[in-house]
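Chain by chain, the residues run as shown.
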Amino acid sequence: MGNFAEFYQQGGSFMHAIALTAILGAGVMIERFIFLFFRFNINGGQFFNQIQKLVMANNIDRAIKLCNAADKAALARVIKAGLTRANKSEADIAAAVEEAMLEVGPAISKRVPMISALANIATLLGLLGTIFGMIEAFRAVATVSADQRATALAKGISIAINTTGFGLMVAIPLLASHIFISNLAKKIADEVDLYAVKLENLLAARVRQG
């Protein structure tokens with residue numbers, strides 16, 4: 001901890017900006033992970049199989065109750081929207097499903113790109129700190145007296161190296177988490193698209209059969 005404090009202090013003022021980026025990135029990353037993994041996520045195939053069995057048994061009310069039991073999940077919300085119109089026309093069913101998909105879609109992808117953006121900002125702040133550190137080092141060589149030149153030069157180089165290192169220390173975990181979270185969001189969105197179509201076809205066949 002002492003070594004990191006020294007590392008942070010020697011990096012200069014740019015370290016504060018990178019640290020703020022790290023805090024914001026960690027907050028968004030944790031919030032998105034909790035929201036997507038624990039709230040919006042569900043085993044789509046298993047869930048739809050249960051819904052399909054209930055619909056084929058003409059037990060729409062129980063299927064809706066099953067959706068209510070997982071009311072936070074994106075797929076359950078879309079499926080429920082279609083089930084509540086199960087006794088309506090095919091057009092009504094499709095419209096209800098589409099409306100629900102338009103509601104959950106932005107919620108799935110919300111703030112996910114922000115994680116990679118903050119990772120890029122951390123990297124760029126590190127590079128900017130490097131530039132200012134090198135400027136300070138060259139200025140030290142040109143203007144500082146000989147007996148203080150080594151100290152001033154070391155200070156400039158420390159700013160350059162430490163800001164670059166800290167920027168990468170922040171950016172790499174954020175980029176790795178962005179890959180995981182964006183894949184999770186895509187998996188949820190793909191399941192919603194797939195099973196929404198399957199539900200529409202299932203309910204449309206039920207309507208045609210009377």
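Here's what I pulled together on the structure shown here. Bear in mind the structure is a predicted one, so any value in this text is a computation, not a measurement.

### A closer look at the overall build of the protein
- Scanning the protein for helices and strands turns up eight helices and zero strands.
- When the helices and strands of the protein are listed from N to C terminus, the series reads α-α-α-α-α-α-α-α.
- Its C-alpha atoms give the protein a radius of gyration of 27 Å, clearly above 17 Å, the size a compact globule of 210 residues would have.
- Its C-alpha atoms put the protein at 95 × 30 × 20 Å along the principal axes.
- Among the 210 residues that make up the protein, the fraction classed as buried is 39%.
- Contacts spanning at least 24 positions in sequence make up 77% of the contacts within the protein whose residues lie at least 6 apart.

### Focus on the environment of Ile18
- As for its placement among the helices and strands, Ile18 is situated in helix α2 (residues 14–40).
- Along the primary structure Ile18 and Ala69 are separated by 51 residues, whereas in three dimensions their C-alpha atoms are 42 Å apart.

### Describing the pattern of salt bridges
- One pass over the full model with this rule turns up five salt bridges.
- One salt bridge connects Glu31 with Arg32, and the closest N-O pair in it is separated by 2.9 Å.
- Glu191 serves as the salt-bridge partner of Lys187, at 3.7 Å between the closest nitrogen and oxygen. You can see Lys187 and its partner Glu191 sitting in helix α8 (residues 146–209), four residues apart, about one turn around the helix.
- Residue classification places Lys187 among the partly exposed residues on the basis of a relative accessible area of 31%.
- Glu191 sits in the buried class, given a relative accessible area of 17%.
- Shared partners join several salt bridges into a network, and the residues in it are Glu31, Arg32 and Arg111.

### Concerning the packing of helix α4 (residues 60–69) against helix α5 (residues 74–83)
- The geometry of α4 relative to α5 is characterised by a closest axis approach of 9 Å and an angle of 155° between their N-to-C directions. What the angle tells us is that α4 and α5 run roughly antiparallel. Crossing of α4 over α5 shows left-handed handedness. Between α4, through Ile60, Ala63, Ile64, Cys67 and Asn68, and α5, the contact on the second element is made entirely by Ala76, Ile79, Lys80 and Leu83.

### Section: the packing of α5 against helix α6 (residues 90–109)
- Between α5 and α6, the least distance of the axes is 8 Å, while the angle of their chain directions is 160°. Looking at the two axes, α5 sits roughly antiparallel to α6. In the packing of α5 onto α6, the handedness of the crossing is right-handed. Here Ala74, Arg77, Val78, Ala81 and Gly82 of α5 come into contact with α6, specifically with Ile93, Ala96, Val97, Ala100, Met101, Val104 and Ile108.

### Notes on α4
- Taken together, the buried positions of α4 are Ile60, Ala63, Ile64 and Cys67. For α4, the buried positions fall inside an angular range of 100° around the axis, keeping them on one side. Pointing more than 90 degrees away from the buried face of α4 are the exposed residues Asp61, Arg62, Lys65 and Ala69.

### Some points on the environment of Thr123
- Residue position: Thr123 is located in helix α7 (residues 112–143).
- On the basis of relative accessible area, Thr123 is assigned to the partly exposed category, the value being 24%.
- For the pair Thr123 and Ser145, spaced 22 residues apart in the sequence, the C-alpha separation amounts to 34 Å.
- In contact with Thr123, other than residues within four places in its own chain, are Gly167, Leu168 and Ala171.

### Concerning the packing of aromatic side chains
- Overall, the coordinates contain 12 aromatic pairs when judged by the stated rule.
- Relative to Phe37, the ring of Phe33 lies with its centre 5.2 Å away and its plane at 10°, an arrangement referred to as stacked. Separated by four residues within a single helix, Phe33 and Phe37 lie in helix α2, roughly one turn from each other.
- Residue Phe33 is classed as partly exposed on the basis of its relative accessible area of 29%.
- For Phe37, a relative accessible area of 36% corresponds to the partly exposed category.

Conventions and cut-offs
- Residues numbered from 1 in each chain as written.
- Predicted model: local features only at pLDDT ≥ 70, side-chain atom pairs only at ≥ 80, totals over all residues.
- Heavy atoms only, no water.
- Helix = DSSP H or I, 4+ residues; strand = E, 2+ residues; numbered from the N terminus.
- Rg over C-alpha atoms; globule rule 2.2 N^0.38 Å.
- Buried < 20%, exposed > 50% of the residue type's maximum accessible area, 1.4 Å probe, protein only.
- Contact = heavy atoms within 4.5 Å.
- Salt bridge = Lys/Arg side-chain N within 4 Å of Asp/Glu carboxyl O.
- Axes fitted to C-alpha atoms, helices over the stretch in contact; angles between N-to-C directions.
- Parallel < 35°, antiparallel > 145°, perpendicular 65-115°, else oblique.
- Left-handed = near helix turned anticlockwise from the far one by under 90°.
- Arc of directions from axis to C-beta.
- Phe/Tyr/Trp six-rings, centres within 6.5 Å; stacked < 30°, edge-to-face > 60°.

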